[in-house]
Amino acid sequence: MNKTSRKMAAAPWCFLTPYIVLTSVFFIYPFLNAIWLAFHQTNGPRSAVFVGLSNFRFVLGDPDFYKAVKNTTIFAVVSVLIQLPLSLGLALLLNTGKSRVRNLFRLILFSPHLVGQIFVGILFSVIFTPRFGLFNRGLQSLVGWGLDERWLSSPGLVMPALIIVSLWMYVGFNMIYFLAALQNVDETLVEAARVDGANRFQVFWHITLPQIKPVAIFVVVMSTIGSYQLFELPYSLLGGFGPNNAGLTIVGYLYTNAFESGDLGTGAAIGWLLALIIFTVSSIQIKIVGTE
Amino acid sequence: MTLLLFAGLYMILRWVYPRDAEIAGACLRYILLGCAAFLVLSPFVWLVSSAFKDKDVLMQYSFLPPISEWSTRTINLDNFRTLLNGEDSVVGKVYFWEYVVNSLFLASAATSINLFFTSMGGYALSKYTFRGKKVIMAFMAGSMMFPGMLFLAPIYRMIFSFGWMDSYMALLVPGACSVFGMFLFRQSMVAVPDSLIEAARIDGASEFGIYYRIVMPLVRPMTGAFCLITFLGNWNNFIGPQIYLQTQSKLTLPVVLNQYIGVYTQQYGVFLAGTLLAIIPPAILFFALQREFVAGLSSGAVKG
């Protein structure tokens, strides 16, 4: 082996050294430690006593956990179902026309995504003020209802409020993916279908939709995974988890147990349950859309 | 009901332009887009006007008061003054600008370190063939499937045993190399022609020199997109600073503003002014890098 090729063989490993070191210390070790920790009870970061399955037994017997799973699932399903057609619709509206107009609207519609969830929560905690908040006033003048609704303190309205805020944050973000996909749709196919007498809807359904399907699947799966990790938005919007824990999410439940009660073992157990839920949901989604 | 409204609007437009369905369609398109833009922008406009309104009129008007009512009694800098005045804590007086500096420092430092490590990793995976490459990439893809929250409790214990509690090390080190970013860089670096790299090698360039002087300048758009994503992620990070930092003067903006909701319960204007200040730096960065950002995002989605 001459000098150059030895250098060549060593180079990729040198470039990968930071990744390998960091992933060993901050991924592989914590991964194994999370398994170990889930079977121990801790009180703060130092102590740990083996307790077998009792962390899981505690979580699975805790009504708050089921409440968190239910809330998070409702949030994920409803917000993704509303987001998807809105994002796709806006992308379709932007797909034709001048590119300068497209860039301007893309910039505007994307802008909420720059604001972190905590800041969005703070912002909307005032926007939802009964009688005086921007949302309540806007709703009153648009549909004649809602001026006095207490969005953030009546249990039944907390989830709709969270979903509305999430739409504001993510519709424009997902639209960017759809827009990119639509720009890559094969124009000759669309033209051919037009010439053969297909109307706009038929072209969309039979030509455009199949071509953007991979991106749509990507968006659905990523949004669902993201929704299942919701925490910061309700935490700052509701200043906690809301009335009757109506805004408690799985990660919120993990945060409370691990860092407010100091039981890191239970935190690790909830982490595993969360990973399990996310795996199950995303593999079901991929299976459903992937079979055709 | 809204749908009916738009259908009616479309009929009216068709009546105004009986010949030209295209023009009617375009008008409707812009009206719909305008509505969407209005809904998206109104919270921002509301935030700016609330930050400058006096607390006596904060709730009186949706946005700014009518021009006839404008005076220093209705529109002034009181909120900012209260905010910037500083507050007492165990470690003495802490000023709001200190949190801004902390956030700026943390987000920029994290972005620089991350860019360096991540792009090197991406380069190794794009332009070399070596034993174990497939294994590493499969491992990377697998590791992305686990939610970050799973690692929160074990990493917290590690940070504690390293003595990094209340230190910025806890926020800078664990996430210093992004797997997602390595895939992004790999993807754009694959497109760099091999002949360019060969030529540099024959001219005697070192392997690091090729990466640093030849490949990195060619993937500028991806670098821009990656920097923006990383900066935003760190700027908006809440849970990390919230669990690791304790000293008031070390805190970052998300943690502090979340505290302020409880501190300034009756003075919304103060924490709204703070929120306004907190979203200005990412906005500036976004306007500077938005072309790269959209290009980077789209290529990732379409090919990935």
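The rules we used
Per chain, residue numbering runs from 1 following the sequence as it is written. Here the convention is simple: chains get letters from A, ligands get numbers from 1, in the order in which they are written. The model is predicted, so local features are restricted to residues of pLDDT at least 70 and side-chain atom pairs to those at 80 or more, both for listing and for counting; the totals for chains, interfaces and linings are taken over all residues. Side-chain descriptors were evaluated using all non-hydrogen atoms of the structure, hydrogens and water having been removed beforehand. Note on conventions: DSSP H or I runs of at least 4 residues are helices, E runs of at least 2 residues are strands, and numbering of each starts at the N terminus. In this description the radius of gyration comes from C-alpha coordinates, and the expected globular size is given by 2.2 Å times residues to the power 0.38. Note on contacts: a residue pair qualifies if any of its non-hydrogen atoms lie within 4.5 Å across the two residues. To be clear on the numbers: accessible area is Shrake-Rupley with a 1.4 Å probe, and residue cover counts the displayed protein chains and nothing else. Patch membership is restricted to residues that have no salt bridge and whose relative accessible area is over 30%. Joining uses 9 Å for like charges and 5 Å for the nonpolar side chains Val, Leu, Ile, Met, Phe, Trp and Tyr. Here a salt bridge means any side-chain nitrogen of Lys or Arg lying within 4 Å of a carboxyl oxygen belonging to Asp or Glu. Two parts lose some accessible area (1.4 Å probe) when they are put together, and adding that loss for both gives the buried area. Polar contacts, as counted here, are pairs of nitrogen or oxygen atoms within 3.5 Å of one another; within protein the pair requires one atom able to donate a hydrogen and one able to accept it, and residues that are adjacent in sequence qualify only if both atoms are side-chain atoms. Just so you know the grouping, Ala, Val, Leu, Ile, Met, Phe, Trp, Tyr, Cys and Pro go in nonpolar, Asp, Glu, Lys and Arg go in charged, and all remaining residues, Gly too, go in polar. Segmentation of the chain into domains, including their bounds, is taken from an automatic or database domain assignment. Each residue gets one of three labels from its accessible area relative to the maximum for its type: buried under 20%, exposed over 50%, partly exposed in between, using a 1.4 Å probe on protein chains only. Working definition of a nonpolar core: buried Ala, Val, Leu, Ile, Met, Phe, Trp, Tyr and Cys residues. They are joined through side-chain atoms within 4.5 Å. Each helix should span, by expectation, one fewer than its residue count multiplied by 1.5 Å. Whenever a helix is involved, its axis is fitted only over the stretch in contact; in every case the axis is a line through C-alpha atoms, and angles between N-to-C directions fall within 0 to 180 degrees. In these notes the angle categories are as follows: under 35 degrees is roughly parallel, over 145 is roughly antiparallel, 65 to 115 is roughly perpendicular, and the rest is oblique. Two helices that cross are described as forming a left-handed crossing if the nearer one is turned anticlockwise from the farther one by less than a right angle, and a right-handed crossing if clockwise.

On a plain count of helices and strands, chain A comes out with twelve helices and two strands. Mapped from its N terminus to its C terminus, chain A presents α and β elements in the order α-β-β-α-α-α-α-α-α-α-α-α-α-α. What you see for chain A is a C-alpha radius of gyration of 24 Å, clearly larger than the 19 Å of a compact globule of 292 residues, by over 25%. Taken along the three principal axes of its C-alpha coordinates, chain A extends 80 × 70 × 35 Å.

Within chain B, the secondary structure is distributed over 14 helices and two strands. Since a compact globule built from 304 residues should have a radius of gyration of about 19 Å, the 25 Å found for chain B marks it as more spread out than a globular shape. In terms of principal-axis extent, the alpha carbons of chain B reach across some 75 × 75 × 35 Å. Contacts in chain B between residues at least 24 apart in sequence constitute 69% of all its contacts with a sequence separation of at least 6. Element-wise, carbon and sulfur atoms account for 66% of the exposed surface of chain B, whose accessible area totals about 14,800 Å².

A cluster of nonpolar side chains, A:I74, A:V77, A:V78, A:L81, A:I82 and A:L86, forms an exposed patch at the surface whose accessible area comes to about 470 Å². Assignment of secondary structure puts A:I74 in helix 3 (residues 63-95).

Contacts between the two partners involve 90 residues from chain B, matched on the other side by 82 residues from chain A. Between chain B and chain A, roughly 7,900 Å² of surface is buried when both sides are summed, and carbon and sulfur atoms account for 81% of that area. The interface formed by chain B and chain A includes zero salt bridges. Across the contact surface, chain B and chain A share eight residue pairs in polar contact (both at pLDDT 80 or more). Top element by residues in the side of chain B that touches chain A is helix 14 (residues 268-303) of chain B. It accounts for 17 residues. Residue composition of the side of chain B that touches chain A, by class: 71 nonpolar, 13 polar and six charged.

When the parts come together, some accessible area is lost, and that loss is often what is quoted as the size of the interface. All names here are of chain A. Each assigned domain of chain A is listed with its residue range as follows: domain 1 (3-54) and domain 2 (63-290). Relative placement of domain 1 and domain 2: their C-alpha centres are 33 Å apart. Across the interface of domain 1 and domain 2, roughly 660 Å² is buried in total on both sides, 62% from carbon and sulfur atoms. Taken as a group, L37, A38 and T42 account for 49% of the area that domain 1 buries against domain 2, more than any other trio of residues on that side. Linking domain 1 with domain 2 are zero salt bridges, by the criterion used here. Joining domain 1 to domain 2, the criterion identifies four residue pairs in polar contact (both at pLDDT 80 or more). Listed by contribution, the elements that provide at least two residues to the side of domain 1 that touches domain 2 are helix 1 (3-37) and strand 1 (40-41). Considering only residue class, the side of domain 1 that touches domain 2 consists of six nonpolar, five polar and no charged.

What follows deals with the domain arrangement of chain B. Residue and element names in this part refer to chain B. Each assigned domain of chain B is listed here: domain 1 (2-76) and domain 2 (87-303). If you average the C-alpha positions of domain 1 and of domain 2, the two centres end up 36 Å apart. Counting residues at the interface gives ten residues for domain 1 and eight residues for domain 2. With both sides pooled, the region where domain 1 packs onto domain 2 buries about 660 Å², and carbon together with sulfur makes up 91% of that total.

A separate point is the pattern of salt bridges. Residues and elements named next belong to chain B. Considering all chains together, one arrives at six salt bridges over all chains under this definition. For D194, the salt bridge goes to K127, with nearest N and O atoms at 3.0 Å. With D194 in helix 9 (residues 194-202) and K127 in helix 4 (residues 96-127), this pair connects stretches of sequence that are 67 residues apart. Judged by its relative accessible area of 16%, K127 is buried. Across the salt bridge formed by D166 and K250, the nearest N and O atoms sit 3.5 Å from each other. On the criterion of sequence distance, the pair formed by D166 in the loop between helix 6 (152-162) and helix 7 (169-172) and K250 in the loop between helix 12 (239-244) and helix 13 (253-263) is long-range, its members being 84 residues apart. By relative accessible area, which is 13% here, D166 ends up buried. Within this structure, E198, R201 and E207 form a network of salt bridges that share partners.

Turning our attention to the environment of B:A278. Residues and elements named next belong to chain B. Tracing the backbone through its elements, the reader meets A278 in helix 14. What makes A278 buried here is its relative accessible area of 1%. Put simply, A278 and N236 are 42 residues apart on the chain and 9.3 Å apart in space, counted from C-alpha to C-alpha.

With that settled, the discussion passes to unusual backbone geometry. Glycine aside, residues mostly have negative phi, and peptide bonds are mostly found in the trans state. All names here are of chain A. At R131, a position not held by glycine, the phi torsion is positive, near 75°. Judged by its relative accessible area of 43%, R131 is partly exposed. Of note in this structure, N244 is not a glycine but carries a positive phi near 60°. With respect to the secondary-structure elements, N244 resides in the loop between helix 10 (232-237) and helix 11 (250-260).

Here the focus is the nonpolar core. A:F119, A:F124, A:F128, B:Y123, B:Y244 and B:Y260 are the most contacted members of the largest nonpolar core, which has 188 residues in total. With 19 residues, the top contributor of residues to this core is helix 7 (residues 155-183) of chain A. Contact partners of B:Y123, with chain neighbours within four places excluded, come to A:F15, B:Y128, B:M189, B:I197, B:E207, B:I210, B:Y211 and B:V215.

Let us now look at the side chain of A:S223. All names here are of chain A. Among the secondary structure elements, S223 is positioned in helix 9 (residues 200-228). S223 gets classed as buried once you look at its relative accessible area, which sits at 13%. A polar side-chain atom of S223 sits 2.6 Å from the main-chain carbonyl oxygen of V219. Dropping the residues within four chain positions of it, S223 is found in contact with V80, Q83 and N174.

In this section: helix 11 (residues 220-235) of chain B. With 16 residues, helix 11 of chain B ought to run about 22 Å at 1.5 Å a step, and its terminal C-alpha atoms sit 22 Å apart, in line with that. Along helix 11 of chain B, the residues classified as buried are B:M222, B:T223, B:G224, B:A225, B:F226, B:C227, B:L228, B:T230, B:F231, B:L232 and B:W235.

What follows covers the packing of helix 7 of chain A against helix 9 of chain A. Residue and element names in this part refer to chain A. Helix 9 packs onto helix 7 with a crossing angle of 155° between their chain directions and a minimal axis gap of 9 Å. On the basis of the axis angle, helix 7 is roughly antiparallel to helix 9. The chirality of how helix 7 crosses helix 9 is right-handed. Across the interface between the two elements, N174, Y177, F178, A181 and L182 from helix 7 touch T208, I212, V215, A216, F218, V219 and S223 from helix 9. Classifying every residue of the contact of helix 7 with helix 9 by side-chain character gives nine nonpolar, three polar and no charged.

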